[in-house]
Amino acid sequence: MTSRALWQRYQDWLYFHPGLGLYLDISRMRFDDAFVASLQPKFDKAFTDMVKLEKGAIANPDENRMVGHYWLRNPDLAPTPELTQEIVQTLEQIEAFADQVHTGAIHPPKESRFTDIISIGIGGSALGPQFVAEALSPDLPPLQIHFIDNSDPTGIDRVLAQLGNKLATTLVLVISKSGGTPEPRNGMIEVKQAYTAQNLDFAKYAVAITGPGSNLDQVAKSENWLARFSMYDWVGGRTSEMSAVGLVPAALQGIDIRAMLDGAKEMDDATRVPNLKNNPAALLALAWYFSGNGKGEKDMVVLPYKDSLLLFSRYLQQLVMESLGKEKDLDGKTVYQGIAVYGNKGSTDQHAYVQQLREGVPNFFATLIEVLEDRQGKSPEVDPGVTSGDYLCGFLLGTRQALYENNRDSITVSIPQVNARTVGALIALYERAVGLYASLVNVNAYHQPGVEAGKKAAAVILDLQKRVLEVLKTQKKALSMTELADIVGAAEEVEAIYKILRHLHTNNRGVVLTGDLAKPGSLTVSLG
Ligand SMILES: O=P(O)(O)OC[C@H]1O[C@H](O)[C@H](O)[C@@H](O)[C@@H]1O
């Protein structure tokens, strides 16, 4: 295509949202009109599905749940007045709480102000809050946030060590929709112990964000925690940033949550338009479908050219991959769907893996996120008449062009600034694109059956560990791995038993392994 023709194609396919100042450019995806026409019937169905979903249909059939994250930013759309009221009240409760924490009306027992937050949660109960904190937290926030998003002892130690004596002024948010996920439970127990070790009454610092009646909710209620906020069963973890899960930590950091909700609402309005060319989420879904042949054959590489958007790709990883990565479609057919997502930021990644993107295996399409405003205030010149921001812009445009020249497609999303409205809009844009794409490829975007398999397998390992230790207590002599596995009654699990014992041995948990570590079959084990 000549550059003139490309310029025309750019204008033909450019989407612009005047209220948000957001541009979406899919002109560098090489689909043709025939392809677009062939997808039209699928889009007609996707738009209809979306209307039903927003009206409260059971859009997540496996879990028999409604899917209502869009109501969070426009509560009047909720299917019943009770739901509308619940959303409005929770929002008011969040604002009042954040305000009281900021003014010191709510304060730690022996101090006048809370200064820090530990946010404990994983998956959808961490990725949104982390992305938004990185993108929007002011340079000097009223409360500084720290995250525990794993069951990693060293990770927990690091957060606690960094806070040190400041635990006395640190608020703890325990976020878990189900209230039963092991990682946040472990984090909560360890953090609670750290408070107790400093003679601090944990309940006076602790806030629960969870489904009403969950295990976590019951603990928080019985121990009389500082506050409890409700998470609803009709909001999925990966679309929960604009529920209490994301709004409580954001409001506490002084982020304008109303603006975030407004930006999302504006984008929701724009992505409700049942017309492909005038709907940015539909355009994204079209581009994804084209690129991966409707089968996820190409990966989505997300490159925001702005440091504060660093965690956007990690956020999108869960949103896209947990929603679309499915073995079965809605008719029960085996389809192995999904789109792999990765990326960090530009131009940094140009000095890392963009070499492969430009010349290596062509198994991806890029999404470049451009922020038009460089910074607030004047920029110094780094060359005559040239600023750092000009360089960043040049790197983005150069990469887009270099990729295209080598038959690598890209999408460009441009926003005027990183602010609460545009971040809300970006989240809403991708939520809707995922919903529409799921309809195009006929999968349930709102369940995650595969995650359960890993959780169950982990529980089996922990149970095996208990059984192994019980057997070892009754043994007088050291046993080989196979002898032990036989006595435990888990001959098939000998390798898992060896690995459990190696872990316990390394951590001085009373298990002694003797023999040649390079030859696991030669080892014997006893309790020291
Ligand atoms: O918020 P929670 O109930 O603790 O769940 C946290 C996360 O864990 C699960 O394994 C799911 O796969 C995620 O979708 C969810 O966001």
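This text goes with the structure placed above it.
Cut-offs applied
- Numbering of residues starts from 1 in every chain and runs along the sequence as written.
- A pLDDT threshold of at least 70 governs which residues receive local features in this predicted model, and a stricter bar of 80 or more applies before side-chain atom pairs are shown or counted, although totals over entire chains, interfaces and linings include all residues.
- Hydrogens and water molecules were not included; the side-chain quantities draw on all heavy atoms of the structure.
- The helix and strand labels rest on DSSP assignments: H or I over at least four residues marks a helix, E over at least two residues marks a strand, and numbering proceeds from the N terminus.
- Buried means the residue's accessible area, taken with a 1.4 Å probe over protein chains only, is under 20% of the maximum for its type, while exposed means over 50%, and partly exposed covers the values in between.
- Only heavy atoms enter the contact rule, under which two residues are in contact if any of them lie within 4.5 Å.
- Areas reported as accessible are Shrake-Rupley estimates using a 1.4 Å probe. Residue values count occlusion only from the protein chains shown.
- When charges are counted, Lys and Arg contribute as positive and Asp and Glu as negative, whereas His and the chain ends are disregarded.
- To locate a charge, take atom NZ for lysine, CZ for arginine, CG for aspartate or CD for glutamate.
- What is meant by a nonpolar core is a set of buried Ala, Val, Leu, Ile, Met, Phe, Trp, Tyr and Cys residues, joined one to another through side-chain atoms within 4.5 Å.
- Salt-bridge detection follows one rule: a side-chain nitrogen of Lys or Arg within 4 Å of a carboxyl oxygen of Asp or Glu.
- The patches described consist of residues with a relative accessible area above 30% and no salt bridge, like charges being joined within 9 Å and nonpolar side chains (Val, Leu, Ile, Met, Phe, Trp, Tyr) within 5 Å.

**So, the overall build of the protein**
- Scanning the protein from terminus to terminus reveals 17 helices and 14 strands.
- Across its three principal directions, the C-alpha atoms of the protein cover 85 × 60 × 55 Å.
- By residue count, 50% of the 528 residues in the protein fall in the buried class.
- Partitioning the intrachain contacts of the protein with sequence separation of at least 6 by distance along the chain shows that 71% fall at a separation of at least 24.
- Working note: accessible area of the protein is about 24000 Å², and carbon and sulfur atoms make up 51% of it.
- Within the protein, the 61 negative side-chain charges are centred at a point lying 3 Å from the centre of the 51 positive side-chain charges.

**Focus on the nonpolar core**
- Counting residues in each nonpolar core, the largest one holds 136 residues, and the members touching the most others are Ile26, Phe131, Trp225, Leu286, Trp288 and Ile411.
- Sorting elements by how many residues they give to this core places helix H14 (residues 420-440) first, with 14 residues.
- Contact partners of Ile411, with chain neighbours within four places excluded, come to Leu24, Asp25, Ile26, Met29, Leu284, Ala287, Trp288, Phe365, Ala366, Thr367 and Leu368.
- The next biggest cluster of nonpolar side chains, apart from the first, holds 20 residues, and it includes Val471, Leu484, Ile497 and Val525.

**Re the pattern of salt bridges**
- If you walk through the whole model with that rule in mind, you get 21 salt bridges.
- For Asp233, the salt bridge identified is with Arg65, shortest N-O distance 3.9 Å. Pair noted here: Asp233 is in the loop between strand S7 (227-230) and helix H8 (244-252) and Arg65 is in the loop between helix H2 (33-54) and helix H3 (81-103), with a separation of 168 residues, a long-range link.
- Between Lys204 and Asp201 there is a salt bridge, with its nearest N and O atoms 3.0 Å apart.
- Looking at Lys204, the relative accessible area reads 42%, which means it is partly exposed.
- Overall, Asp201 belongs to the partly exposed group, its relative accessible area being 40%.
- A single network of salt bridges, built from pairs that share partners, joins Glu54, Asp269, Arg272 and Arg432.

**What about a nonpolar patch on the surface?**
- Taken together, the side chains of Val382, Tyr391 and Phe395 define a hydrophobic patch exposed on the protein surface, amounting to about 250 Å² of accessible area.
- Inspection of the secondary structure assignment puts Tyr391 in helix H13 (residues 388-405).

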